[in-house]
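# Structural description and commentary
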Amino acid sequence: QVQLVESGGGLVQPGGSLRLSCAASGSIFSINDMGWYRQAPGKQRELVAAITRGGRTKYAADSVKGRFTISRDNAKNTVYLQMNSLKPEDTAVYYCNAAILPLHGTYEYDYWGQGTQVTVSS
């Protein structure tokens, strides 16, 4: 069984910073791309940033370029999202996503974390 657990969300003032973490655990053979999505109230879930197994940023939304940085530590099966210069419009539930080949598995599956709330407000 594979599980993704996020941490690091919270309440921050505009202009502040937060660092989200997402650790994958369980019966894992390998992890391919990892990413962060977010969903604000009344809006669709959107991709914020994605990173390849080799550590290359595969995608970053225009709205976060220059402010958010995605990174990963393959030894810890963990992906991070460093969020700087936060704005009220960044308020959302942030979800981690990973393409994982389970141990003894044949195919990769998309796994999701439970979500962590980020609120940017004064």
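Keep in mind that this is a model prediction, so the values were computed, not measured.

About the cut-offs
- Residues numbered from 1 in each chain as written.
- Predicted model: local features only at pLDDT ≥ 70, side-chain atom pairs only at ≥ 80, totals over all residues.
- Heavy atoms only, no water.
- Phe/Tyr/Trp six-rings, centres within 6.5 Å; stacked < 30°, edge-to-face > 60°.
- Lys NZ or Arg CZ within 6 Å of the ring centre and 35° of its normal.
- Core = buried A, V, L, I, M, F, W, Y, C linked by side-chain atoms within 4.5 Å.
- Buried < 20%, exposed > 50% of the residue type's maximum accessible area, 1.4 Å probe, protein only.
- Helix = DSSP H or I, 4+ residues; strand = E, 2+ residues; numbered from the N terminus.
- Polar contact = N/O pair within 3.5 Å; in protein donor to acceptor, adjacent residues only side chain to side chain.

Our next topic: the packing of aromatic side chains. Evaluation of the coordinates by the stated rule reveals one aromatic pair. Against the face of Y95 rests R45, its NZ or CZ located 3.8 Å from the ring centre.

Next up on the list: the nonpolar core. With 29 residues, the main nonpolar core has W36, L81, M83 and Y94 as its most contacted residues. For this core, the secondary-structure elements that each account for two or more residues are β1 (2-7), β3 (18-26), β4 (28-39), β5 (46-51), β7 (68-73), β8 (78-83), β9 (92-102) and β11 (116-120). In terms of residue count, the dominant contributor to this core is β9 (five residues).

Tracing the sequence through the fold places R38 in strand β4. You can call R38 buried: its relative accessible area is 6%. At a separation of 2.7 Å, a polar atom in the side chain of R38 contacts the side chain of E46. Separated by 2.9 Å, the side chains of R38 and Y94 make a polar contact.

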